[in-house]
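Report on the structure
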4 protein chains.
Amino acid sequence: MNTFGRIFRVSLFGESHGPAVGAVIDGVEPGLSLSEKDFLEDIGRRKSGAPGTTPRLEEDAPEILSGVFEGHTTGAPLTVVFRNGNTRSGDYALLRDVPRPGHADLVASIKTGGFNDPRGGGHFSGRLTLPYVAAGVVAKKVLAETVGMETDGHVAFTDRAQIIELGGLSRAEALARTGADAPDHELWAPEIGAASAEGDSLGAVVECVVDGLPAGLGEPFWDSVESLIAHAVFAIPGVRGIEFGDGFAASRKRGSEHNDCFEETGHGIVAPRTNHAGGVNGGLTNGNPIVFRVAFKPTSSIRKPQKTYNLTDGEMTELITPGRHDTCFALRAPVIVEAAAAIVLADLIDIA
Amino acid sequence: MNTFGRIFRVSLFGESHGPAVGAVIDGVEPGLSLSEKDFLEDIGRRKSGAPGTTPRLEEDAPEILSGVFEGHTTGAPLTVVFRNGNTRSGDYALLRDVPRPGHADLVASIKTGGFNDPRGGGHFSGRLTLPYVAAGVVAKKVLAETVGMETDGHVAFTDRAQIIELGGLSRAEALARTGADAPDHELWAPEIGAASAEGDSLGAVVECVVDGLPAGLGEPFWDSVESLIAHAVFAIPGVRGIEFGDGFAASRKRGSEHNDCFEETGHGIVAPRTNHAGGVNGGLTNGNPIVFRVAFKPTSSIRKPQKTYNLTDGEMTELITPGRHDTCFALRAPVIVEAAAAIVLADLIDIA
Amino acid sequence: MNTFGRIFRVSLFGESHGPAVGAVIDGVEPGLSLSEKDFLEDIGRRKSGAPGTTPRLEEDAPEILSGVFEGHTTGAPLTVVFRNGNTRSGDYALLRDVPRPGHADLVASIKTGGFNDPRGGGHFSGRLTLPYVAAGVVAKKVLAETVGMETDGHVAFTDRAQIIELGGLSRAEALARTGADAPDHELWAPEIGAASAEGDSLGAVVECVVDGLPAGLGEPFWDSVESLIAHAVFAIPGVRGIEFGDGFAASRKRGSEHNDCFEETGHGIVAPRTNHAGGVNGGLTNGNPIVFRVAFKPTSSIRKPQKTYNLTDGEMTELITPGRHDTCFALRAPVIVEAAAAIVLADLIDIA
Amino acid sequence: MNTFGRIFRVSLFGESHGPAVGAVIDGVEPGLSLSEKDFLEDIGRRKSGAPGTTPRLEEDAPEILSGVFEGHTTGAPLTVVFRNGNTRSGDYALLRDVPRPGHADLVASIKTGGFNDPRGGGHFSGRLTLPYVAAGVVAKKVLAETVGMETDGHVAFTDRAQIIELGGLSRAEALARTGADAPDHELWAPEIGAASAEGDSLGAVVECVVDGLPAGLGEPFWDSVESLIAHAVFAIPGVRGIEFGDGFAASRKRGSEHNDCFEETGHGIVAPRTNHAGGVNGGLTNGNPIVFRVAFKPTSSIRKPQKTYNLTDGEMTELITPGRHDTCFALRAPVIVEAAAAIVLADLIDIA
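Presented here is an overview of the structure given in this document. (Residues numbered from 1 in each chain as written. Chains lettered and ligands numbered in written order. Predicted model: local features only at pLDDT ≥ 70, side-chain atom pairs only at ≥ 80, totals over all residues. Heavy atoms only, no water.)

Turning our attention to the pattern of salt bridges. Counting across every chain of the model gives 98 salt bridges over all chains. The salt bridge involving Glu198(B) is made with Arg254(A); its shortest N-O contact spans 3.1 Å. Placement of the pair is Glu198(B) in the loop between α6 (189-197) and β11 (204-211) and Arg254(A) in the loop between β12 (239-244) and α8 (255-258), with the two residues belonging to separate chains. By relative accessible area, Glu198(B) is classed as partly exposed at 44%. When salt bridges with common partners are traced through the structure, they connect Asp42(A), Arg45(A), Lys140(A) and Glu338(A) into a single cluster. (Salt bridge = Lys/Arg side-chain N within 4 Å of Asp/Glu carboxyl O. Helix = DSSP H or I, 4+ residues; strand = E, 2+ residues; numbered from the N terminus. Buried < 20%, exposed > 50% of the residue type's maximum accessible area, 1.4 Å probe, protein only.)

As structure tokens, then:
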């Protein structure tokens, strides 16, 4: 199923080297101000080009095909497409016969009886995260207007989702070496340079914090906030794990250490001072910031030779993955992780 | 939404201290042999009574209300209910006014305007995992028949899902101390005893391995195998994280360490010898066992006094949670985690 | 799929001669007053016993299994079950081998490979309309509270859905003969008596009018009000057609006759005086009453001998359908048709 | 919700005078041969230009944006878009303030708080039936390959869906006057000419017959074949009613007249000789052709002056609908009705 959500619903389509990638977003309320410009900031954050990211430079220009009239959403399905321009399919001719280790090439071929589009991973490509981010932009607008209006508050991805660990080095360590306020690609430049020099790649952990939500969003069991966010996050290629609040560390704690007790926080307000739960109890938001971390694997495509085989003749071979790749694609991921959270929360706000 | 799945669909209903809990399972193929007896083994594995689990003993007797005729499924919706017998609601009168730290009491009350059933957590109770396990039993039957027939193979939850870490102690360490083949509750008896003596509770990590699946189940993006399993797993109360294959450790590896290269495995078969991916590439099963780990928090209800307040008068108070509770509810969780995986895979088998 | 709806969602389960029939209703808002008594009136309207209906008398006593606490809905899934008591399965032993003309016996057997429950039609039985009506009761409560609160108005099934044509005789003709305000079973007594005397059965047209709805419910295309009501209405066994407003007669009109022009209706209010559209434009409610008619076929089970064959030996035979049946089951249908409309509208109100 | 279906799923988007209209079709099996050319025949059948249809001539050229590689479907979401070219939006400036009788203008404005695109009805336009027909083309291909392969048979829309009644005149009457094999627009030319001369419009009844389906498709209750086809058919703008088999006439028959008895049809095959049920029993296909009729209202836009009012100043006015319109848009509808049936059946085949 290429669709996610109940009221605010996102469908993704397209292939890496086909004519276009895009999203249809259904259930957007009418009257939201929206134009192509609104997409540019988040698209820019996902863009390649910085050290550690692929030199494939796409224009990534959004075209709104439907759902907007005179600068406002109409409530009808909103379609955004991105034409694929800078494709060098020739790079991938080889991959039809030789599956890349760590990639979907082989299973995609098995699943489709060989009818998958093998160019750049086809529909399995990370390029689909571009319309994914575009859907996140619309979701953030919904959240800002809806929750903002109702609470005089705001929905913020606090300090923006960020990379908190890369190649085993923590953000704190990297900051100590590089200086405060450095953007992620500067912060981790030495690690990336080292891996890149060896033709290798790096993984990372991305943390996302969402503040300003009302309590009570979500449902017990199937539609718990964690269930939905995890569902959306694992839709991002390359994710290996997700944890909320204390996460895996909670399994090593006692109840008396992990429970968030209610305390007086001043002016008669009683609320937990701690947030071990990551903002969710019983599947529902509890008014604290939602905090979750996502583990990204290292980029599968590397220049180091790897063992694989030829599907046609069954012969073993070594592959130096052709094409242009990120040394650490997770550097482009924080805005995608934000989009996942925003898409889920825009839907939950609509249902509440 | 109380329903999960596309073809094989599970709905859960009931309250901890209401008349019953149950499940409606839709999309079960006709002709599967099924009777009440088939549920008993897995229900037994979830049951309380062992050290570290609550002394609340329910009969947990399943009644099939619909969907079975003369010992076989009919293809019509299958309903299983469990009457609640051993309820001591008086224990919970207090909790209407005083929310338990770490529980859904407060957010449930906010969400429902105070109309939630507060007895034992109502619909938010872990007791709902009983029909959850029952749905898992049906799903396992579907998998055994469907995949078994097609592949002459089998679907196995290898060595059963098991607790691999509790209170910071690994299974290997506990085994060294206690001896091989000990059931989980014996293995961890010393840790549990220590926590229980202090009126405290413990978390744990549960690992699940599913073997015997064909390659190609799942979809890229929204319905990736990881998305669906994570969705179902976070529906289990008390889960804080999930990871597949190398999981969070993958984020600290290089691509050359994490990629599963294709190698000759004998008799002309070429396949990865490693399983860093945990059995999934690009959202699809790749023929290797699916391996994932789930982090459970420590039981929220503890006998140690915890700070909270009275919703009626706003006064701060200390709560010693009344009622009967597990010191480590994760001891009962492996069969629930298996059910989550089985429910997802029975649906994916139907769609494939 | 045994579930219908997006937010207010209804699942049906059970078999005619199994332990029970029931419904799980999800997405009910918390705080609605509800008890078993609330179901009795509509259940009574559906009940058999009057002339023209089957003498099978069930107690039809609802039991609320979940979702209600101290007389109010909790927002958790609401389950209502009806135990089957008065079953005489022996009547149906024959039908396993000899499919009844006009029934689902044969196709149910083909679809399930012979694993369907053949007793009384099993899950295909009209007895499932009992929980269907129960879901309608909850939906009507949602509509009364929701639309009532917002508009100081009301949602009414004007004069109750009623039978406007039976066996070719119009309600006006029958009324002229029988007198005003006669209940349907008295009104049509002569026609029913005549058909029954011949061991035959009758069809009818049921009209439903819903007043008091706000304008703007529904969606263009897939979720048009007509699409959803038709979907729910054709779920009722024995329906052969549905039409809205002018219905099939609209196809024989010109635009100038069919369009509802806007006119001054007094006090500055401009609205159509006519309702040829049946209360829906472009898939959305327009503030006029929703008016639709449903064609019910004659009861399939008749005492007249009918040609059929024996599935086991392939021999032709004649069948006098055993068991107890309605001469005109449509006499029991108006409350079911109301339930269909209410279920759809309760969902649309939630989404709006 | 802009999406319909469970496995074979169709989303529609676009506005009459926006950049494009289109469809995303999910769940298409891989390996289906498909190119832009495949759409041309059905698009041609829907096209305007013949007598009785609008002179707005669009190129209606399909562009496949995703889901096809080297002439075959890949199993990934299939997107088809049609750029809007020949728009004369100026025609519609007036309609922002003056709602057209019989149109969605007013309710669309109420629903969206005035943010709907009013040009040509925006998303409510019949132009959306263009991608609807495109989705039908894909569905027909799925049916042909799937059912064809399994049964050595075929799925056929027998003699193509056709107009069997227009302006009160039956096809038989029109044929007697005009001659056999005349295309619809010639057959009804006199009626159309008369209505057009008066600036008025005509309704019609379209009949669709689907042959070659296996028995057992569909589900009892919510997903009955009739429920799903009716759902899809009422998504077509301007539909007022639908009936299956004997339809409304069944309500005037006795059971002995309406039941389809089983008879020997030769060579040991026993099957009903009649098809009063229209090919469906208990919600499931029974192997007979599915037969249903759809009532279309007369075109709402007419040149005759009609009463309406100005939304801005509340003043009454008369409207001669500007723009180019069909005298009888139902002339273009048979291929749309076929698409509705095909979309439903392609999904049911996938689930079976």
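On we go from here.
Residue and element names in this part refer to chain C. Closest axis-to-axis distance for the helix α7 (residues 225-233)/helix α9 (residues 334-351) pair is 8 Å, and the angle between their directions is 135 degrees. When the axis of α7 is compared with that of α9, the two are oblique. The crossing of α7 and α9 is right-handed. Taking contact as the criterion, the partners of Val 225, Leu 228, Ile 229, Ala 232 and Val 233 in α7 are, on α9, Ala 340, Val 344 and Leu 348. (Axes fitted to C-alpha atoms, helices over the stretch in contact; angles between N-to-C directions. Parallel < 35°, antiparallel > 145°, perpendicular 65-115°, else oblique. Left-handed = near helix turned anticlockwise from the far one by under 90°. Contact = heavy atoms within 4.5 Å.)

Residue and element names in this part refer to chain C. A sheet is described by the order of its strands in space; here five strands give the open sequence β1-β2-β3-β7-β4, paired in antiparallel fashion. Edge strands, defined here as strands with exactly one partner in the open sheet, are β1 (3-4) and β4 (62-66). Two strands pair when backbone bridges link them, and strand β2 (residues 9-14) and strand β3 (residues 20-26) are joined in this way by six bridges, in the antiparallel orientation. Paired with Arg 9 across the strands is Asp 26, a residue of β3. (Pairing = 2+ DSSP bridges.)

On the side of chain B, 39 residues touch chain C, which itself brings 39 residues to the contact. Of the roughly 3000 Å² buried at the junction of chain C and chain B (both faces included), carbon and sulfur atoms supply 60%. Ranking the residues of chain C by area buried against chain B places Leu65(C), Phe69(C) and Phe115(C) at the top, with a combined share of 22%. Counting across the interface, chain C meets chain B through two salt bridges. Glu63(B) is the salt-bridge partner of Arg83(C), the closest N and O atoms lying 2.9 Å from each other. Applying the counting criterion to the chain C and chain B interface returns eight residue pairs in polar contact (both at pLDDT 80 or more). Those elements giving two or more residues to the side of chain C that touches chain B turn out to be β2, β3, β4, β6 (72-73), β7 (78-83) and α2 (105-112) of chain C. Per element, the largest residue contribution to the side of chain C that touches chain B is five residues, and it comes from β2(C). Across the side of chain C that touches chain B, the residue classes break down as 15 nonpolar, 14 polar and 10 charged. (Buried area = accessible area lost by both parts, 1.4 Å probe. Polar contact = N/O pair within 3.5 Å; in protein donor to acceptor, adjacent residues only side chain to side chain. Nonpolar A, V, L, I, M, F, W, Y, C, P; charged D, E, K, R; others polar.)

A few words on the sheet that holds strand β3 (residues 20-26) of chain A. One open sheet holds the five strands; their spatial order is β1-β2-β3-β7-β4 (chain A), and the pairing between them is antiparallel. Of all the strands in the sheet, the pair left with one neighbour each is β1 (3-4) and β4 (62-66) of chain A.

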